[in-house]
Amino acid sequence: MFLLGKHHLIFVPGLGDDNLILHWEIKRFENDGFIVHIHPAPWRNQKENLQSKLKRLISLIDKLSNDDDLVSLVGISAGASFVLNAYIQKKNKIAGVVNLFGRLNAGNHTPSLSFASRGNPVFKGSVLRFERSESKLTDTDRKKVLTIRAMLDETVPLATTPLKGAKNIQVPLVEHTLSIFLGILIYRKLITEFLKSCE
């Protein structure tokens, strides 16, 4: 059981990473004892490649983690594969990871990854990178991951959200954007309890 230090919670939003209402919802996790950090990729900056964006997130993880403090990651939509890519590189410094309505593989699904990532090759690259690297996660690593998917999602095929060996949950929500806003609001307690269990 984690008794000392702080628990930092880094959120990486999806393609609409500047939404103020979403930021307000995220900040409410501070009421649950976390120190919240909103870390946009940012996805709209196409001049910065995936490796550079990941390097900035990893630098933040290194900055926040020490002998007494914990760091957990939450990836929303496009942010899901992004935080899991960082997790693979910094497994020893991450307490828990949450994938909220995010795509983790290309697969043969509709919409295709190419269609879903049109205009944003960095997002596509993030998904493909995780798909190639997933095998680096051990059974123990996977138990530190929670994935949440909707019942109906027109943007993220439902089969692309779960991670084998993780805690995978489907919630009674529909439509991608609506699921994100309601999911963070309604299932904040579930997310909090899972991350606290990783302490």
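The preceding data block contains the structure.
Cut-offs applied
- Residues numbered from 1 in each chain as written.
- Predicted model: local features only at pLDDT ≥ 70, side-chain atom pairs only at ≥ 80, totals over all residues.
- Heavy atoms only, no water.
- Phe/Tyr/Trp six-rings, centres within 6.5 Å; stacked < 30°, edge-to-face > 60°.
- Helix = DSSP H or I, 4+ residues; strand = E, 2+ residues; numbered from the N terminus.
- Buried < 20%, exposed > 50% of the residue type's maximum accessible area, 1.4 Å probe, protein only.
- Lys NZ or Arg CZ within 6 Å of the ring centre and 35° of its normal.
- Polar contact = N/O pair within 3.5 Å; in protein donor to acceptor, adjacent residues only side chain to side chain.

Chemist: With reference to specific residues and values, describe the packing of aromatic side chains.
Modeler: Applying the stated criterion across every chain yields a total of three aromatic pairs. Taking the centre distance of 5.5 Å and the plane angle of 70° together, the rings of W43 and F82 count as edge-to-face. Remark: F82 occurs in helix α3 (residues 79–89) and W43 occurs in the loop between β2 (35–38) and α2 (50–64); sequence separation between them is 39 residues. The burial state of W43 is the same as that of F82; both residues are buried. With a centroid separation of 6.2 Å and 80° between ring planes, the pair formed by W43 and F123 is classed as edge-to-face. Highlighted residues: W43 in the loop between β2 and α2 and F123 in helix α5 (residues 121–133), separated in sequence by 80 residues. One exposure class covers both W43 and F123, and it is buried. Members of the aromatic cluster, each reached through a chain of ring pairs, are W43, F82 and F123. Directly above the aromatic system of F115 lies the positively charged group of R118, at a separation of 3.9 Å from the ring centroid. Positioned above the aromatic ring of F34 is the side chain of K196, whose terminal nitrogen or guanidinium carbon lies 4.6 Å from the ring centre.

Chemist: I'd love a proper account of the side chain of N120, names of residues and values included.
Modeler: Structurally, N120 can be placed in the loop between α4 (113–116) and α5. For N120, the side chain forms a polar contact with the main-chain oxygen of W43, separated by 3.3 Å.

By themselves these figures say nothing about function.
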